[in-house]
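# Examination of the molecular architecture
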Amino acid sequence: MAASLLLHFGEPLLYLIGIGYGLGRFIGEIDGIPYFTFLASGFIAWSAMNVASMESMWSVYTRMVPQQTYEAILATPATVDDIVMGELLWCGTKSLVSGSAILAVASMLGAVHDWTAIFTLPIIFLTGLCFAAPGLIVTAYAKAYENFNFYMTLVMTPMFILCGVWYPITTLPEPVQRIVEFLPLTHAISIIRPLVVGVPIENLVVHLGALLLFGAISTWIAVALIRRRLVQ
Amino acid sequence: MLLGQSPRSGGVLEIFGKDINVHLKSIRQKTGIVPQADNLDPDFTVAENLSIYGSYFRLSRKSLASRIPELLEMVQLSDRAECRISTLSGGMQRRLTLARALVNDPKLLVLDEPTTGLDPQARHMIWSLVHQIKRSGKTILLTTHYMEEAERLCDEVIIIDHGRLLAQGSPVNLIKEHCETDVVEIRGEVALAITRDLPESFRCDRSGDSLYIYSSDTFRLLEWAESLQGLTSLHRKTGLEDVFLRLTGRGLR
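The model shown is predicted, which means the values in this text are computed figures rather than measured ones.

So, on to helix α2 (residues 46-56) of chain B. The complete set of buried residues in α2 of chain B reads V46, A47, N49, L50, Y53 and G54 of chain B. One face of α2 of chain B carries all of its buried residues, which in axial projection span an arc of 160 degrees. Contacts made by the buried residues of α2 of chain B are with α3 (69-73) of chain A together with α3 (61-74) and α4 (90-101) of chain B. Looking at the residues trailing α2 of chain B, positive phi occurs at R58 of chain B, about 60 degrees.

Residue and element names in this part refer to chain B. The four strands are arranged β9-β10-β8-β11 in an open sheet whose pairing can be described as antiparallel. Edge positions in the open sheet fall to β9 (203-207) and β11 (233-237), since each of these has one partner strand only. Averaged over all pairs of adjacent strands, the angle between their axes in this sheet comes to 20 degrees, without regard to strand direction. Where β9 lies against strand β10 (residues 210-215), five bridges are found, and the strand directions are antiparallel. Its bridge partner lying in β10, R203 is registered against Y214. Of the strands in this sheet, β8 (182-187), β10 and β11 touch helix α8 (residues 218-227), which is tilted by about 15 degrees from β8.

If you look at the interface, chain A gives 16 residues, while chain B gives 18 residues. It is Q67, A75 and P77 of chain A in chain A that bury the most area against chain B; as a group they hold 35% of the surface buried on that side. One can count zero salt bridges joining chain A with chain B. Across the chain A-chain B interface, the total number found is six residue pairs in polar contact (both at pLDDT 80 or more). Ranked by the residues each element gives to the side of chain A that touches chain B, the list is headed by α3 of chain A, at four residues.

The next subject is unusual backbone geometry. Despite not being glycine, N203 of chain A has its phi angle at roughly 55 degrees, a positive value. One can find N203 of chain A in the loop between α8 (184-197) and α9 (204-230).

Moving on: the nonpolar core. Soluble globular proteins tend to bury their nonpolar side chains together. All names here are of chain A. One finds F43, M49, V165 and L185 to be the most contacted residues of the largest nonpolar core, which totals 70 residues. Elements represented by at least two residues in this core include exactly α2 (35-64), α3, α4 (80-108), α5 (120-141), α6 (148-162), α8 and α9. If you tally residues by element for this core, the top one is α2, at 16 residues. Those residues within four positions of F43 in sequence are excluded, and the remaining contacts are P12, Y15, L16, I102, F160, V165 and W166.

Turning to the confidence of the model for chain B, a few remarks are in order. All names here are of chain B. The pLDDT averaged across chain B works out to 88; a share of 94% of its residues lies at or above 70. Across chain B, element-level confidence peaks in α2 with a mean pLDDT of 96 and bottoms out in β9 with 80. Our summary of model confidence lists the complex with pTM equal to 0.86 and ipTM equal to 0.82.

Rules used throughout
- Residues numbered from 1 in each chain as written.
- Chains lettered and ligands numbered in written order.
- Predicted model: local features only at pLDDT ≥ 70, side-chain atom pairs only at ≥ 80, totals over all residues.
- Heavy atoms only, no water.
- Buried < 20%, exposed > 50% of the residue type's maximum accessible area, 1.4 Å probe, protein only.
- Helix = DSSP H or I, 4+ residues; strand = E, 2+ residues; numbered from the N terminus.
- Arc of directions from axis to C-beta.
- Contact = heavy atoms within 4.5 Å.
- Pairing = 2+ DSSP bridges.
- Axes fitted to C-alpha atoms, helices over the stretch in contact; angles between N-to-C directions.
- Buried area = accessible area lost by both parts, 1.4 Å probe.
- Salt bridge = Lys/Arg side-chain N within 4 Å of Asp/Glu carboxyl O.
- Polar contact = N/O pair within 3.5 Å; in protein donor to acceptor, adjacent residues only side chain to side chain.
- Core = buried A, V, L, I, M, F, W, Y, C linked by side-chain atoms within 4.5 Å.
- pLDDT = per-residue confidence, 0-100.

Given below as structure tokens:
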């Protein structure tokens, strides 16, 4: 538990303080937001993505393959759907814990400008669900832990760099922007950042709808694939 | 298939008189499983493994609070209730898995090779537990490669080889039906030479460099065995192992 907290909470915090303060001094403001606040709000969403992805890949794989925990559970009246739903909720919960911890620290450091930041909590949870389901899809295909590196490097890292954690996506070339607008982390940040800053959210319905739709579709696929993996 | 984890390819599969495809949940509610490989949850303690598992059967906290100490007492793990799974020996883990399979007070208990890989003490402990559970009136379905185990524990034995049913009956009847009453086992290369002048009523079987001489005429068999000088011979009553080998053939398959 302590080790997991250090990884999911300590690492973003070091980044936030080191880069937010250090680099923030040179950058000043982006879109009228102090860089430290800009970065903190991005990191809340990034942390939710990270925590849910790790849990839904490494931890779920561990329970599914080496520990055979699901086989034991499936000998009881519990079903594959129950297992998948339980894992999703746990991923969302873990995201919520680490996301709100970063929010609390950011607020102590003066990065949170408005009490509306409290509404980021359900969005953090939803973001966790949105990334837990794709993680489960990857896990359903995984043959070894190394397989997750593909997803990490080809999916998660590009999102971390491109989806507006570090700079506004409007800085990106037009075609890249079009692609990035489809990624769930972009939508999560588009809701979380204004809430932390205390400005109105533009296109809330679009962003929220995108997250819900993405989460629902990937959950549906994840259930089908995990079932196929467990019931042969 | 009994767990509904691999779909049946054909035929009918009923447990408690109910089709498993239709009534899977209610069948699982009344079934306990001890899988071949232990899959206890290493994230939890001994007692937590039982309480979490009980919650999957929707058992109330109250009923679990009284049931878990009973089960731990039965499998002699009471003093280990707060221990992590990784601190338990293989035999203890198997006993805990057995206790876990009983948490929902099942009518049917399925044991998949329950003593594979255990040392003799641990194996005898599992056997006495199985006897105890049997006396309590539960139906036990046990699969094993270990004929002594089947002979000791089972009322009814089915021998299956490559998916085909070869024989069925009580251990005593199976032995009576398929084997002579006595066997003399002779070991060593020299043993092979004596097969030529064997009395006709004796049946002879070979496995590696061991020779098995079967007969129901105990007296004559022993007399003959004594006449073999300089050879190590072992006389014993025939058992299920002999039935199994006779039906499935000796040698590697």
